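# Commentary on secondary and tertiary structure
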Amino acid sequence: MSTAPPPDSPAIKAVAANPPTRSPAGATVTTTRRRPADWPPDRPRRTVTVSTAAAHGTPPPTPRPSRRAHRRSVAATVVGNFVESFDWLAFGLFAPLFAARFFPSSNPVTSLLGVFAVLGVGVLVRPVGGILLGRLADRRGRKPALLLSISLMTAGSLLIAVTPGYQQIGLLAPLLLLLARIAQGISHGGEWPAATAYLMEVAPAHRKCLYGGLFSLTAAGGAFTASLLGAGLTGTLSEAAMASWGWRVPFLVGGLFGVALLLVRNRLAETEVFQREVRGHAARGSLRLLLSGHRRQVLLAVLFAAGLGTVGGSWTSVVPAMGQRLAGPGTMFWVVVCVTGTVMVVQVPIGLLADRVGADRFLVCAALVFAALGPWAYLNMTGTFLSLLLAYGSGVVYLMSATTVLPKLLSEIFPAQLRALGMGLPYALTSAVLGGIAPVSATYLADRGASGWFTAAVAGMVLLGLPATALARGGQRGRVMPSSRMAVEGGPPSERSVL
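Below or above, wherever it landed, is the structure these notes cover. (Residues numbered from 1 in each chain as written. Predicted model: local features only at pLDDT ≥ 70, side-chain atom pairs only at ≥ 80, totals over all residues. Heavy atoms only, no water.)

The next thing to look at is helix α5 (residues 126-139). Relative to the 20 Å expected for 14 residues at 1.5 Å per residue, α5 spans 19 Å between its end C-alpha atoms, a close match to the ideal helical length. Where α5 is concerned, the buried positions are Arg126, Pro127, Gly129, Gly130, Leu133, Gly134, Ala137 and Asp138. The buried side chains of α5 occupy one side of the element, clustering within an arc of 150° when seen end-on. At the C-terminal side of α5, glycine 141 shows a positive phi close to 135°. (Helix = DSSP H or I, 4+ residues; strand = E, 2+ residues; numbered from the N terminus. Expected span 1.5 Å × (residues − 1). Buried < 20%, exposed > 50% of the residue type's maximum accessible area, 1.4 Å probe, protein only. Arc of directions from axis to C-beta.)

Quick look at the structure:
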C-alpha cells in the first residue's frame, strides 16, 4: 500500500514552489522531459508536444483568415453573379438578332417566342440545380458547389457562341441552344444559394445586407458590361454583320469570364461554419428533413422569392427585347448602361441603409414603390429614351433592393446544415414557375394588347413580400432561432461572429 509523502518532503516543496498551470482548451503545450542519470551527454533532451484540444474533445481553433484573404474569398463568391448576369442579359439583348437563325419564320414575333420558350425551359430546370447543388453545398461544402455551378454556366455560354444556325445543321441547332440553356438554368438554380450560404457565413453580423448587396453590385456590373459591349458592337458593325456573327461575341466573352472565375474559385477556402457545424452533422443536406421539419420556412422562402423571380424573369429579358424593337439600334444598350451604372454607384449606400433600418422594413418599402411605379412605366413604354429608362430602371431598382436583403432574411430562417438546400429549392422553384412563364406570357399578351393583366400579376407577386415579412417577424417573436440562441448563450466563436 502506498502512503502520501510527508509535508516537509522535497517532492511536496518542489510542487508548492512551482504549481502546475492549466492549459486552455484548444492550446498546444510543449514540454521538455528531465534527462535521466544514465542519458548520454551528447544526446538532446526529449521534447514532447501535446495538444490539449484532444484531451478536451474539441478541435483546435481554426486560424482566422487575413483581411486580404477574406476580401479575395468574398470577391470570388460574388463575381459568379457577374458572369450569370452578363450571360442572362446578353441573351435578352441579342435575342432579336439570333432568333431567326435558330427558329426561322416569316413572322419575327414567332421566332422571338421560340427563343423565349428556350429561355423559359432553362428557367424551369432551376429547381434541379437548387436541389443538386444545394445538397452538394450542404453535404460536401460550399466550394465544390460553387465550382460546379460556374463550370456549367461557362460550358453553356461557350456552346451558344459556337453553335451553327438552323440553315447549317437543321433541327440540331435549336436543340443545342436548348441544351446550353438547360446547363445554365441548373447553374443559376444552384449558384445563388451556394454563394449566399458562403457569403452570409463569412459576413459580419452587422453588415449582412451590405455583403448581400454585393450580389446586386456584381449583377449590375455584368449587365453594364454586356450592354456596353452590345452598344459598342452595334455602333461598330453593320446590321448584317451583327445578325451573322456579331451576336456570338458576348457569349464568347462570357465563357472566357467563366474560365477565369473557375481558376479563382479553385483557391477558395471552406467556411468555418461549415467545417465546425455542418461537416459532422448526420442530416446535413437532407431533402426529407427539409420538407418534413421545415415546411413553414420553405413557404416563407417561396413568398420572399416570388417578386424576385417574376421581375427577374421579365424585366431583365422582356423589357430589353421590347426596347430593341421599339427604339432605334443601340438605344436600349445605352439605357441599360445608364441604369446599371447608377446601381453600381448607389449600391454600397443602399446596403448600409438596409443594415441600419432593418432588412424586413427595407423590403416592404421596395415592394410598395415597385408595385406603384413598375406597372405604370411598363405600360407607357415607347421608343423614347426616357420611357425605356423608367421601365427598365423600375425593375432593376427593385431587383437591387430585394437582392440586398433576401440573403440575410433567407439565411436566418434555415439551420446551417440545411442552409444552401433550404434557400436553393424554394428560390429555384419559384423562379422556375414564375420567371419561366413570364417572358412568354409578356410577349404573348403584348401581341394581343393585354399587357395590363401581365403587369397586375407581376405587382401581385411582388406584394407577397409584405405578408412574408410579417409571418417571419411573428414566427421569431417569442422564440430564438438556433443560431441566435447559440450567440446569446455563448456558442462557438464562429457562430457568434458570423451569424
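All right, on to the environment of tyrosine 198 then. Assignment of secondary structure puts tyrosine 198 in helix α8 (residues 172-202). In the structure, tyrosine 198 is positioned 56 residues away from arginine 142 in sequence and 6.2 Å away in space, judged by C-alpha atoms. Sequence-distant contacts of tyrosine 198, that is, excluding residues within four places in its chain, are made with Ser73, Thr77, Arg142, Leu146, Leu268, Ala269 and Thr271. (Contact = heavy atoms within 4.5 Å.)

One pass over the structure, following the stated rule, counts 11 aromatic pairs. Here phenylalanine 94 and phenylalanine 333 contribute two aromatic rings whose centre-to-centre distance is 5.7 Å and whose plane-to-plane angle is 50°, an arrangement assigned as tilted. Here phenylalanine 94, found in helix α3 (residues 67-102), pairs with phenylalanine 333, found in helix α16 (residues 331-357); they are 239 residues apart in sequence, far enough to count as distant. Looking at phenylalanine 94, the relative accessible area reads 0%, which means it is buried. According to the relative accessible area criterion, phenylalanine 333 is buried, its value standing at 1%. Aromatic side chains phenylalanine 370 and tyrosine 398 sit 5.3 Å apart centroid to centroid with 35° between the ring planes, which places their arrangement in the tilted category. Of this pair, phenylalanine 370 sits in helix α17 (residues 359-379) while tyrosine 398 sits in helix α18 (residues 385-412), and the two are 28 residues apart along the sequence. Across this residue pair, the class does not change: phenylalanine 370 and tyrosine 398 are buried. Grouping aromatic residues by their ring pairs yields a cluster made of Trp315, Phe370, Tyr378, Tyr398 and Phe454. (Phe/Tyr/Trp six-rings, centres within 6.5 Å; stacked < 30°, edge-to-face > 60°.)

Turning to the side chain of aspartate 355, a few remarks are in order. Position of aspartate 355 among the secondary structure elements: in helix α16. This buried residue, aspartate 355, is left without a salt bridge; arginine 207 holds the nearest opposite charge, at 4.7 Å. Within the structure, aspartate 355 has its side chain in polar contact with the backbone nitrogen of leucine 210 (distance 3.0 Å). Aside from chain neighbours lying at most four places away, what touches aspartate 355 is His206, Arg207, Lys208, Cys209 and Leu210. (Lys, Arg positive; Asp, Glu negative; His and termini not counted. Salt bridge = Lys/Arg side-chain N within 4 Å of Asp/Glu carboxyl O. Polar contact = N/O pair within 3.5 Å; in protein donor to acceptor, adjacent residues only side chain to side chain.)

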